[in-house]
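Letter by letter, the chains look like this.
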Amino acid sequence: MTVPVLLVHEDREYLVEPGEEFGTDLGVLDVPEDIDAGTTLETHLGTEFRVRRLRGPDLFHHFERTGAPMVPRDIGLIIGETGISVGDRVLDAGTGTGVLAALVARAGASVVTYEQDPEFADVARENMVLGGIEEQVDVRAGDVTADLESLCEEAFDVLTLDTGDAPEIVASAPDLLVEGGFLAVYSPFVESTRDVVEAAREAGLSNVRTRDTIQREMDFDERGSRPSTAPVGHTGYLTIARND
């Protein structure tokens, strides 16, 4: 498959396939098959577009969506808190759009991810191809709880969950994870987060802690500098625990 590139002009950004003709109200241009990042292309109307290589954070904006994906800053917390890196094996449930699985794979891990909706799983597979990590991510259509017995025979370094039945899966975390492996559970609701924390403690996991993920943007203008008056940037609750 040809690797897509981004064409950027001011605040506009388009994902295109090299070798194709591309057109907007700013004009039409032919995108060469051997295009390199950093190249400038000009439409027939004289508008210049810069060519940018598709990188991890771009996947959040350009993956086909089947729901609201986890935002990059929260994925960064998961990778930072669990130390996911080259050679790790990650079990993920609640694939959705697949942004978490894709960025974890781009960090060097191999991922087995479960999505209950077969159509969503198909979209996630296509997204993995777009992200160039289809060989590293095994997208399985089905309920991970049905496969827990066989999965417990494998050894995963990290277990990531973004699914309503997370507490049930957390109960099996000690058998799914290697010694010292990490659990990371993401939830938009505090009630389900409490259930996850209780399940993690009952399972004997250590260092169980939860963070409310909030981030504020800053405004800078001639009057001064202050946090933005836009709504508080809460996205979810992230629970981390370890299998010691």
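Our subject is the structure that appears above.
Because the structure is a prediction, the values reported are computed rather than measured.

Q: Whenever I open this one, helix H4 (residues 118-130) confuses me. Can you help?
A: For an α-helix, the turn length of 3.6 residues means that residues three or four places apart are oriented alike. With 13 residues, H4 should cover 18 Å at 1.5 Å per step; its first-to-last C-alpha distance of 19 Å lies within 8% of that length. Listed in full, the buried residues belonging to H4 are Ala121, Val123, Ala124, Asn127, Met128 and Leu130. Buried residues of H4, viewed axially, fall in a sector of 165 degrees; they line one side. Structural note: H4 exposes Pro118 and Glu119 on the side pointing more than 90 degrees away from its buried face. In this structure, the buried side of H4 is in contact with strand S2 (12-16), helix H1 (56-62), helix H3 (99-106), strand S8 (110-115) and strand S9 (137-141). The residue sitting at the N-terminus of H4 and contributing the capping side-chain oxygen is Asp117; that oxygen lies 2.8 Å from the backbone nitrogen of Glu119. In the stretch just after H4, Gly132 is the one whose phi turns positive, near 75 degrees.

Q: Quick question: what am I supposed to make of the pattern of salt bridges here?
A: Per the stated rule, a full pass over the model turns up 11 salt bridges. In this structure, the salt-bridge partner of Asp74 is Arg73, at a minimum N-O distance of 3.8 Å. On the basis of relative accessibility, which here comes to 0%, the residue Asp74 falls in the buried class. In this structure Arg73 comes out as partly exposed when scored by relative accessible area, which is 25%. Across the salt bridge formed by Arg209 and Glu81, the nearest N and O atoms sit 2.8 Å from each other. Placement of Arg209 in strand S12 (residues 206-215) and of Glu81 in helix H2 (residues 72-82) is noted, with a sequence separation of 128 residues between them. Since its relative accessible area comes to 21%, Arg209 is described here as partly exposed. Look at Glu81 and you get partly exposed, because its relative accessible area is 21%.

Q: Help me understand the side chain of Asn243, please; the structure alone is not making it clear to me.
A: Summarising the element assignment, Asn243 is placed in the segment after strand S15 (233-242). Of note is the side chain of Asn243, whose polar atom sits 3.2 Å from the backbone oxygen of Val178. Not counting chain neighbours up to four residues away, the residues in contact with Asn243 comprise Pro174, Leu177, Val178, Glu179, Gly180, Gly181 and Leu205.

Q: Got a minute to help me understand the environment of Gly180 in this structure?
A: Mapped onto the secondary structure, Gly180 falls in strand S11 (residues 177-187). On the basis of relative accessible area, Gly180 is assigned to the buried category, the value being 18%. Put simply, Gly180 and Leu205 are 25 residues apart on the chain and 9.8 Å apart in space, counted from C-alpha to C-alpha. In this view, Gly180 contacts Arg242, Asn243 and Asp244; residues no more than four positions away in its chain are not counted.

About the thresholds
Residues numbered from 1 in each chain as written. Predicted model: local features only at pLDDT ≥ 70, side-chain atom pairs only at ≥ 80, totals over all residues. Heavy atoms only, no water. Helix = DSSP H or I, 4+ residues; strand = E, 2+ residues; numbered from the N terminus. Expected span 1.5 Å × (residues − 1). Buried < 20%, exposed > 50% of the residue type's maximum accessible area, 1.4 Å probe, protein only. Arc of directions from axis to C-beta. Contact = heavy atoms within 4.5 Å. Polar contact = N/O pair within 3.5 Å; in protein donor to acceptor, adjacent residues only side chain to side chain. Salt bridge = Lys/Arg side-chain N within 4 Å of Asp/Glu carboxyl O.

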